[in-house]
Amino acid sequence: MSKLGQVVESVEKYNKFVLDQVKRARSDEKFGRDLLGRWNDIKAKIPATRTPTGLPLPRLALPEIDEPGEIARYLFGEGLPGEFPFLNGAYREMYLEPVREVESFEKNGEPKTGKSDKKPPQAEEPTRLFSGLMLAEDTNERFHYLTQHQRTHRLSTAFDGPTLYGMDSDADGVFGKIGEGGVAIDTVEDMMRLYDGFDLGSPNFSASMTISGPAPIIMAMYIAAAKRRFGQKVVSKLRGTIQADIFKEVQAQNETIFPIEPSLRFLTDMVEFTTREMPRWYPISISGYHIGEAGSTPVQQAAYTLSNGFAYAEMFAARRIPVDQFGPRLSFFLDCGLDAEYVALARVSRRIWAIGMRDVFGAGPRAQLYKLHTQTSGRSLVAAEFKNNLTRTAAELVLAYMNATNSCHSNSADEPFTTPSEEWIRLAAHGQAILLEESGIFKHTMNMLSGSPGMKAVERAVEAAILDEFREIERLGGVLAAVEDRYQRSQIQNAAHRYEQQIYDGTRPIIGLNKYRNGEDDAPKIKLARTPRKKQQLQVDRLAKFKKQNAEKAKRALDKLADVVERGGNCFPTLLEAVEVCSLGQITGRLQEVVGRFRPMV
């Protein structure tokens, strides 16, 4: 039995344990009394806060139960926020504003005078701002625009097509794609321009890079750029995430540049280095978002993401990296659409991950945490009457925060047409600010919307369906065997076809597209984002200058890199040297000479 099969057994065993605890609480008087005492103690210690209108609220909402069996079901089956199995949240408090003291209001609701005006420190915003367009300096300008009102700078970067495939901007046939749909990055100098003006070593800054195939190379460029600006000591302070998820590329997105096994080896080399040298960095974001965008059902997205995560954990453990070192550095990425499953999809994923990591991999509490970034569904955005996308995204944001996501990105309404403009990307960011800061849904009380009978029903159904997917992957021989058999890919394709058929026949209503259309088919006037030809030429000219300046050094660096790879050593430290004098395409090309190119499986 593989590790995934053991995960299925561990979840089923844990569910039985919960039921046993419920029965024990009802039959063992002392145990039941102790549980009730613990429950009352928990409730008594919950701080009180007030809304701006003066309404008193508990800082944490708990179900109104006093029966020992139900208390056992809650404490063992769900856990308090920040407690195993983490169904209600990875951390004790999330999104909450500083406590508004009950004592600060008189009986008539008027605030007292004479209180200190000193404001308590505020938690980091969960909003993550996403951009990538044209050249590095253009994306940098957009980053500064987006962060002008943010206390903390959490930036996600989209890369253009050539960069995603490890190609240089001077490669044959890619000129027109330079800076389209993301930023063009060829060299460490581009990386310096990309984050110019941001303090990369600050605890209030983090960078997320949405790239997988050439992720180790891009990661090395980021480290090198940081060292050039801030010195060697900055490396241990760097904070952020790089996607680096090879399994989802093969299953869903296709941006794979090396064969699977070498790709996984290069990834593990990077994880081994960053785990040791960069304690604040997440070297892989195990991504279901792209699986969902490729057409999967929500359950397939969660099941394949979780199973991929357990496969990576098994792979890193085989490299003899301690689970309590790499486990806390794993992160996850899901989309959030409008299907009913999203009411509880992330909650269930967090529970399954915690049980599997603890009981199968022997992970400690920090390595049990399923730390999640959520993005609203790009697939749910439609061109027809596109302003409705604002409402779709707003509803998806509520679902994401109901699931206690750790960070979130909201899509822009104009994305069916183009790279988002400043107007629509500002509205997308404001959507989160309105929800988290203007509304009182999440900022006063943890668990404000959690635990309804409907949510519990969805949780049970989703967990059962995910475990069924695990069993099928286990039957095929595990994640890698299923990937080679194209199982995940074929299931995603079938689900995508079913989704489109449902839109076509009307069983899946899309407002403004197949229902309540206004009869107008004229395309709206949207200014398309395009990279000017002169900017594309500038990128090519910069690259040519870089290559000419470093020609001799690049040859030696590439020879050294190839030698390390051929000898089976960890190539990441050598990559750090190579990116100082080599371009992305030069490194990719040389590595492909050694390990080959990815060829899609038939």
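That block above? That's the structure.
Small disclaimer: the values here were computed from a predicted structure and weren't measured. (Residues numbered from 1 in each chain as written. Predicted model: local features only at pLDDT ≥ 70, side-chain atom pairs only at ≥ 80, totals over all residues. Heavy atoms only, no water.)

### Considering the overall build of the protein
Turning to step 1, where the next piece is worked out: Looking only at helices and strands, the protein features 22 helices and eleven strands.
Turning to step 2, where the next piece is worked out: Taking all 602 residues of the protein together, 55% fall into the buried category.
Turning to step 3, where the next piece is worked out: Contacts in the protein between residues far apart in sequence, at least 24 positions, make up 78% of those at least 6 positions apart.
Turning to step 4, where the next piece is worked out: As presented, the protein carries roughly 26200 Å² of accessible surface, and 52% of it is formed by carbon and sulfur atoms.
Turning to step 5, where the next piece is worked out: Separation between the mean location of the 79 positive side-chain charges and that of the 78 negative ones in the protein comes to 4 Å. (Helix = DSSP H or I, 4+ residues; strand = E, 2+ residues; numbered from the N terminus. Buried < 20%, exposed > 50% of the residue type's maximum accessible area, 1.4 Å probe, protein only. Contact = heavy atoms within 4.5 Å. Areas by Shrake-Rupley, 256 points an atom, 1.4 Å probe, with all protein chains shown as cover. Lys, Arg positive; Asp, Glu negative; His and termini not counted. Charge placed at Lys NZ, Arg CZ, Asp CG, Glu CD.)

### Quick word on the environment of Phe230
Turning to step 1, where the next piece is worked out: Topologically, Phe230 is positioned in helix H7 (residues 215–230).
Turning to step 2, where the next piece is worked out: Residue Phe230 is classed as partly exposed on the basis of its relative accessible area, which comes to 33%.
Turning to step 3, where the next piece is worked out: Spatially, the C-alpha atom of Phe230 lies 20 Å from that of Thr574, the residues being 344 residues apart in sequence.
Turning to step 4, where the next piece is worked out: Once residues lying within four places of it in the same chain are set aside, the contact partners of Phe230 are Phe198, Asp199 and Leu200.

### Quick look at the nonpolar core
Turning to step 1, where the next piece is worked out: Ranked by internal contacts, the top residues of the largest apolar core, which has 159 residues, are Tyr222 and Phe470.
Turning to step 2, where the next piece is worked out: Excluding residues within four positions of it along the chain, Phe470 makes contact with Leu4, Val7, Val8, Ala303, Leu306, Ser307, Phe310 and Ile352. (Core = buried A, V, L, I, M, F, W, Y, C linked by side-chain atoms within 4.5 Å.)

### Examining the sheet that holds strand E5 (residues 205–210)
Turning to step 1, where the next piece is worked out: Pairing is parallel across the open sheet formed by five strands, whose spatial order is E3-E4-E5-E6-E7. Sheet topology places strand E3 (129–131) and strand E7 (281–282) at the edges, where each strand pairs with a single neighbour.
Turning to step 2, where the next piece is worked out: Examined bridge by bridge, strand E6 (residues 240–242) and E7 share two bridges and lie parallel to one another. By the bridge assignment, Thr241 is partnered in E7 with Tyr282.
Turning to step 3, where the next piece is worked out: Each of E5, E6 and E7 touches H7; the most contacted strand, E5, lies at about 155° to it. (Pairing = 2+ DSSP bridges. Axes fitted to C-alpha atoms, helices over the stretch in contact; angles between N-to-C directions.)

### Section: the sheet that holds strand E10 (residues 372–376)
Turning to step 1, where the next piece is worked out: Strand order across the open sheet formed by four strands is E8-E9-E10-E11, with parallel pairing between neighbours. Because the sheet does not close on itself, it has two edges, and the strands there are strand E8 (284–287) and strand E11 (407–409). Averaged over all pairs of adjacent strands, the angle between strand axes in this sheet comes to 25°, irrespective of strand direction.
Turning to step 2, where the next piece is worked out: In terms of strand pairing, strand E9 (residues 330–336) meets E10 through five bridges, oriented parallel. Counted as the bridge partner of Asp335 is Gln375 from E10.
Turning to step 3, where the next piece is worked out: The strands touched by helix H11 (residues 298–318) within the sheet are E8 and E9, with E8 carrying the most contacts at an inclination of about 145°.

### Some details on unusual backbone geometry
Turning to step 1, where the next piece is worked out: Here the bond from Phe84 into Pro85 is cis, since omega is 5°, no more than 30 degrees from zero.
Turning to step 2, where the next piece is worked out: Residue position: Pro85 is located in the loop between helix H3 (68–77) and E3.
Turning to step 3, where the next piece is worked out: With a phi close to 55°, Met134 is a non-glycine residue in the positive phi region.
Turning to step 4, where the next piece is worked out: Structurally, Met134 can be placed in the loop between E3 and helix H4 (136–146).
Turning to step 5, where the next piece is worked out: Classification of Met134 by relative accessible area gives buried; the value is 18%.
Turning to step 6, where the next piece is worked out: The backbone of Asn447 shows a phi angle near 70°, a positive value even though the residue is not glycine.
Turning to step 7, where the next piece is worked out: Checked against the element boundaries, Asn447 lands in the loop between helix H15 (422–438) and helix H16 (453–475).
Turning to step 8, where the next piece is worked out: Residue class for Asn447 comes out buried when judged on its relative accessible area of 11%.

### Digging into the side chain of Thr445
Turning to step 1, where the next piece is worked out: When you line up the elements, Thr445 lands in the loop between H15 and H16.
Turning to step 2, where the next piece is worked out: We classify Thr445 as buried; its relative accessible area is 5%.
Turning to step 3, where the next piece is worked out: In terms of polar contacts, Thr445 uses its side chain to reach the backbone carbonyl oxygen of Pro58, at 2.8 Å. (Polar contact = N/O pair within 3.5 Å; in protein donor to acceptor, adjacent residues only side chain to side chain.)

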